Amino acid sequence: MSSKVIQAMYNDDDILMSAVKETRAAHHHIEEVFTPFPVHGLDKAMGLEPTKIAITAFMYGLCGLSFAIWMTNYMMIQDWPQNIGGKPSFAWIYNMPAFVPIMFEMTVFFAAHLMVITFYMRSRLWPFKKAENPDPRTTDDMFVMEVSVDGNEKELTSFLKETGAVEIKVTEKH
Amino acid sequence: MSSHYEAPIRRPLIVGDKSYHDITVDVAAPVEGKANKLWWTVFSIALLAFLWGVGSIIYTIGTGIGVWGLNKTVGWAWDITNFVWWVGIGHAGTLISAVLLLFRQKWRMGINRSAEAMTIFSVIQAGLFPIIHMGRPWNAYWVLPIPNQFGSLWANFNSPLLWDVFAISTYLSVSLVFWWTGLLPDFAMLRDRAVRPFQKKIYSLLSFGWTGRAKDWQRFEEVSLVLAGLATPLVLSVHTIVSMDFATSIIPGWHTTIFPPYFVAGAIFSGFAMVNTLLIIMRKVSNLEAYITIQHIELMNIVIMITGSIVGCAYITELFIAWYSGVEYEQYAFLNRATGPYWWAYLLMMSCNVISPQVFWSKKLRTSIAFSFALSIVVNIGMWFERFVIIVTSLHRDYLPSSWTMFSPTFVDIGIFVGTIGFFFVLFLLYARTFPVIAQAEVKSILKSSGDNYKRYRDAGGDNPAPLKPVFNKQVEKISSEDTAENTSNLLSSLGFFDPTTQKADDLKLISGVGPKLEKTLNTIGIYAFDQVSKMTNKEYDLLDSIMGSFQGRAKRDDWAEQAKNLKNN
């Protein structure tokens, strides 16, 4: 198998969408699609799996909640119980209503931050990371579909031209 | 294919004939251009105010809280007033970015970036006040749940002031990552346009190497949605907890259960006013009138009107409950607010917050830019006085009449307050010149549904402003009238004939994408019924295109057959 990819550039999201569908129907392998804004339905058209990041957020939230319960119990009940305004300090459950705000905030804090960190790690986004979009115009108004070449390169090029590509570039796989 | 249909009664959110590239250029222009004289003038004034504030803060910390106007009766005044005021202003940003996202309000996209920036900058101002009020800000870390140097005496989790620490820091940090995640694609746009190496470097660093892969966008949208879902209860909890600073005490006028919803409504009220103040100026200075339209201002004015009415209801409920409770301390607290020595502050609060937003029932006033700007400032003055009235009037009449007193601010109180306003504007002005002030990626995603030129094309049958698919290998032939006649009979033979004199014609305009003009064209061809349209396949679409000449590809793009099938069954 050759390691060549063809980058077909489109100037409209609707043309890109139909091109993605046609390319998939013709059994060519789409390596990647770069778009300047979220094109709705593109992930489904490409056959991408739905993301599971919301589930991780839920689990991170549970961690935050458990941490808050442990923290309030350890600090206010176990380690140094105090009589504060007569609030019951002998069992966590009796003192719990006063801890609801803390439990809620910690849940949100953990869920939000850990989910965003997960997103940055999974999508390989961090400071000093080099951008890998094939053309600077893909953050402006151009859409690039990368199709891997297996077999006849010429045929694939003319096929992609017919799907409405305005520019076609053949490159070695990066 | 995805339809970009939007009901014609919805007014366009992007005016002017914009393309995707135009949006890029318009959003990048304030960053790539040079600051004008007006910017430098306003920036210098803000910087001076900020420096005065810094001086006052240093003086306070160096000398002690005694330099403020506080006394032993009124132990809380401008510091907490300013704190609550700034936190409240911050709420509009999260409301616009999170709550309106959950409600799928597209108009949020023109304003969410700046509203979120405002949130972050104003929460920073708010956070300063408790820290300064500590007197020894280098010990500020004592509020964190960490053991102290003498053993493990922990922070008191029963106290609303500690809940505040958790609420405000969660709110600030979550708003920041929400904002920054949304900024990544827009920083990437600036990075890819940057010509000078220094700018390129900075925006590469800020954009975290965003490339816009399909999978990244999928995650991006999911993350935005979940963050919105988390930020919505968060924003409600923050001002709820701020209100508990008062509501859990036993001071008359503070000890009321209505405080949490009342404070949240007030926060949104003042926040939207501040968004209006900032964006009315910004849309003019940065030439963004095409994206922040009169409609945006009008909708924000409606939110101001509604939340203002909620606040008004809360004021009146408070008065009623004070009387109805039969508690004489409570009754006196409210009587004193309205008729005591601070009657002028109470009157200012009532007129600015309850009466003034009611003028927005008038369409003429709520679509007037100058009037909206003036009223947004009135609202913020009113909301500052609301907090002042709640805090100072409840304190200055103590349980012991011998301790009754008044509060007057010193130049240090005023200096710190003006300083935070200066700091806020310094940050916002710097933001306006270096950040993409409109979420351009999101705006691009609604261009086809809500852009003025696209709506005109769909509703009135103009030209499709989108680039069309280039045609290869196909000879475009001039269609002769003979061909047309043949095509028409071919088309009708597969769709079925229709006799308008005996059968009842359907309203083809119900099909999205068909306007009155197109309906007439279809009727002349001989298409009158949903039944005929529902039989269309690719072959018929092509025939239809070749007969009509104009409206190329529209029938297929909007999937008329499927629509007609649904309409037929209804």
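Residues numbered from 1 in each chain as written. Chains lettered and ligands numbered in written order. Predicted model: local features only at pLDDT ≥ 70, side-chain atom pairs only at ≥ 80, totals over all residues.

A. Seen up close, the overall build of chain A. Looking only at helices and strands, chain A has 6 helices and 4 strands in total. Scanning chain A from its N terminus toward the C terminus, one meets helices and strands in the order β-α-β-α-α-α-α-β-α-β. In terms of overall dimensions, chain A is more spread out than a globule: its C-alpha atoms have a radius of gyration of 26 Å, far above the 16 Å expected for 174 residues. The burial tally for chain A puts 42% of its 174 residues in the buried class. For chain A, contacts bridging at least 24 residues in sequence account for 73% of all contacts bridging at least 6. (Helix = DSSP H or I, 4+ residues; strand = E, 2+ residues; numbered from the N terminus. Rg over C-alpha atoms; globule rule 2.2 N^0.38 Å. Buried ≥ 20, exposed ≤ 12 C-beta atoms within 10 Å, placed from the backbone. Contact = placed C-beta atoms within 7 Å.)

B. Region of the structure containing the overall build of chain B. Secondary structure assignment for chain B yields 22 helices and 0 strands. Counting only C-alpha atoms and orienting by the principal axes, one finds that chain B spans roughly 105 × 65 × 50 Å. Burial analysis of chain B (570 residues in total) assigns 47% to the buried set. Here the analysis covers contacts within chain B between residues at least 6 apart in sequence; of these, 82% occur between residues at least 24 apart.

C. Quick look at helix α3 (residues 78-102) of chain B. Residues and elements named next belong to chain B. Helix length check: α3, at 25 residues, gives a terminal C-alpha distance of 36 Å against a target of 36 Å (1.5 Å per residue), a fit within 8%. The sharpest bend along α3 reaches about 40° and sits at L95. Positive phi shows up at R104, right after α3, with a value of about 55°. (Expected span 1.5 Å × (residues − 1). Bend = angle between axes of the 7 residues up to and from the residue.)

D. A look at the interface of chain A and chain B. In this assembly, 67 residues from chain A lie in contact with 63 residues from chain B. Element by element, the count of residues in the side of chain A that touches chain B is highest for helix α5 (residues 100-122) of chain A, at 14 residues. Residues of the side of chain A that touches chain B, tallied by class, amount to 38 nonpolar, 14 polar and 15 charged. (Nonpolar A, V, L, I, M, F, W, Y, C, P; charged D, E, K, R; others polar.)

E. Layout of α5 of chain A. Taking 1.5 Å per residue, 23 residues should reach 33 Å; α5 of chain A reaches 33 Å between its end C-alpha atoms and fits that length. Phi for R124 of chain A, located one or two positions after α5 of chain A, is positive at around 55°.

F. Representation of the pairing of strand β4 (residues 167-172) of chain A. Residues and elements named next belong to chain A. Burial analysis of β4 places just 0 of its 6 residues in the buried class, a small minority of the element. Both strand β1 (residues 4-10) and β4 contribute to a ladder of 6 bridges, which runs antiparallel. Directly across from I6, in β4, lies its bridge partner V170. (Pairing = 2+ DSSP bridges.)

G. The arrangement of the domain arrangement of chain A in detail. By domain assignment, chain A separates into domain 1 (4-36 + 141-172) and domain 2 (53-122). A straight line from the C-alpha centre of domain 1 of chain A to that of domain 2 of chain A covers 49 Å. (Domains from an automatic or database assignment.)

H. Layout of the domain arrangement of chain B. Entries for chain B in the domain assignment read domain 1 (20-447) and domain 2 (473-569). Using only C-alpha atoms to locate each centre, domain 1 of chain B and domain 2 of chain B end up separated by 55 Å.

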